[in-house]
Amino acid sequence: MDLGIKGKKAIVCASSKGLGKGCALSLAREGVDVTICARTEETLDAAADEIRAQGGVGGGGAVTAVACDITTGDGQKAVLAACPEPDILINNAGGPPPGDFRDWDRETWIAALDANMLTAIFLIKASVDGMIERQFGRIVNITSSAVKAPIEILGLSNGARSGLTGFVAGLARKTVAANVTINNILPGPFDTGRMHANIKVNADKAGVPVEEMTKRKAAANPAGRFGDPSEFGELCAYLCSAQAGYITGQNLLIDGGGYPGTF
Ligand code: NAP
């Protein structure tokens, strides 16, 4: 299926690894020019090379890499300078640390809100009016299954991402008439560095070897495995497609059936 977005310009935040890289790869394969970012230059450059090598079937799919911390004003400015008129915006940042809410002070909460709520809102603010003027825009926020079913050790994530979700729910109904959609994708367990770091915390807490905890976690999912970032990227690319203009304000779980509810 041709997604009809060849030649469009995308900002994909926090994308040298994991889910962000999965999204950048899928978009570049559709011929979208992607601006990627991450804090660590070496892995960012390696990701840019990988995306260049795999993307852009039949032209397009140029890759610009911006080394920055996307949760800072300077980082957001640098990415927007590299891609001032994005047609597609994928919001993402590292997840907050796990822990007990009794240990978190104001500074910890503000950092989580900056990373997982306010950065996305400021990037939306900077790009949505141009999208409305050009009558095409696709915004996808990478949130978490924790928005639908809270994860005990990730209270910072449960809270900050729910704030973003509430904000987006209102705005997404205001922009869709101009063919600008805003949706959230809620990942369950995906095979990324972030997930393995969380498994280690749970393993240490339970006094179980990491390998054993990894096996248990995969087996606990109805699919019997973790998701692959490429599966996530393909869903993201579809939401960014020309065909997806009637999908907005949605929270799409991609979790192998991990969420047990009917809806
Ligand atoms: P990951 O594999 O650890 O990759 C994170 C990527 O983001 C890396 O490229 C990292 O590069 C970059 N990054 C982190 N902080 C950044 C910042 N401040 N500025 C710019 N780039 C930054 O993580 P992931 O699993 O893909 O997770 C992506 C998001 O989905 C996270 O918010 C995570 O909490 C959420 N999530 C993941 C899962 C899962 O199972 N994987 C499930 C639910 C939710 P640098 O470190 O070099 O900056």
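That block above? That's the structure.
Residues numbered from 1 in each chain as written. Predicted model: local features only at pLDDT ≥ 70, side-chain atom pairs only at ≥ 80, totals over all residues. Heavy atoms only, no water.

1. Notes on the overall build of the protein chain
Now for step 1: Per the secondary structure count, the protein chain includes 8 helices and 7 strands.
Now for step 2: Computed over the C-alpha atoms, the radius of gyration of the protein chain is 18 Å, within 12% of the 18 Å expected from 2.2 N^0.38 for a compact globule of 263 residues.
Now for step 3: C-alpha extents for the protein chain along the principal axes are approximately 55 × 40 × 35 Å.
Now for step 4: Looking at the protein chain as a whole, 47% of its 263 residues are labelled buried.
Now for step 5: Element-wise, carbon and sulfur atoms account for 55% of the exposed surface of the protein chain, whose accessible area totals about 12300 Å².
Now for step 6: Separation between the mean location of the 25 positive side-chain charges and that of the 28 negative ones in the protein chain comes to 5 Å. (Helix = DSSP H or I, 4+ residues; strand = E, 2+ residues; numbered from the N terminus. Rg over C-alpha atoms; globule rule 2.2 N^0.38 Å. Buried < 20%, exposed > 50% of the residue type's maximum accessible area, 1.4 Å probe, protein only. Areas by Shrake-Rupley, 256 points an atom, 1.4 Å probe, with all protein chains shown as cover. Lys, Arg positive; Asp, Glu negative; His and termini not counted. Charge placed at Lys NZ, Arg CZ, Asp CG, Glu CD.)

2. A word on the environment of Val-34
Now for step 1: One can find Val-34 in strand 2 (residues 33-38).
Now for step 2: Val-34 sits in the buried class, given a relative accessible area of 1%.
Now for step 3: The sequence separation of Val-34 and Ala-78 amounts to 44 residues, and the corresponding C-alpha distance is 14 Å.
Now for step 4: Not counting residues up to four positions away in its chain, the partners in contact with Val-34 are Ala-10, Val-12, Ala-24, Leu-27, Ala-28, Ile-51, Ala-62, Val-63 and Thr-64. (Contact = heavy atoms within 4.5 Å.)

3. Some remarks on the site of the ligand
Now for step 1: Around the ligand there are 29 residues in total, and Ser-16, Thr-40, Ala-93, Phe-190 and Thr-192 lie nearest to it.
Now for step 2: Here an oxygen atom of the ligand sits 3.0 Å away from a polar atom, N or O, in the main chain of Lys-17.
Now for step 3: Here an oxygen atom of the ligand and a side-chain polar atom of Arg-39 are 2.8 Å apart.
Now for step 4: For the ligand, the protein covers 90% of the area, taking 890 Å² as the surface of the free molecule.
Now for step 5: For the shell around the ligand, the elements supplying multiple residues, two or more each, are helix 1 (18-29) and helix 6 (193-206). (Near = heavy atom within 4 Å. Polar contact = N/O pair within 3.5 Å; in protein donor to acceptor, adjacent residues only side chain to side chain.)

4. With respect to the pattern of salt bridges
Now for step 1: On inspection of all chains with the given rule, the structure shows 8 salt bridges.
Now for step 2: A salt bridge links Lys-200 to Asp-204; the nearest nitrogen and oxygen atoms lie 2.8 Å apart. Placement of both Lys-200 and Asp-204 in helix 6 is noted, with a separation of 4 residues, approximately one turn of the helix.
Now for step 3: One salt bridge in this structure joins Arg-216 and Glu-212, with 3.2 Å as the shortest N-O distance. One end of the pair is Arg-216 and the other is Glu-212, both in helix 7 (residues 210-220) and 4 residues apart, which spans about a single turn.
Now for step 4: Look at Arg-216 and you get partly exposed, because its relative accessible area is 44%. (Salt bridge = Lys/Arg side-chain N within 4 Å of Asp/Glu carboxyl O.)

5. Quick notes on the environment of Glu-211
Now for step 1: Here Glu-211 shows up in helix 7.
Now for step 2: Among the residues examined, Glu-211 registers a relative accessible area of 57% and is labelled exposed.
Now for step 3: Sequence separation of Glu-211 and Ala-65 is 146 residues, and the distance between their C-alpha atoms is 34 Å.

Functional significance is not addressed by these values, which are geometric in nature.
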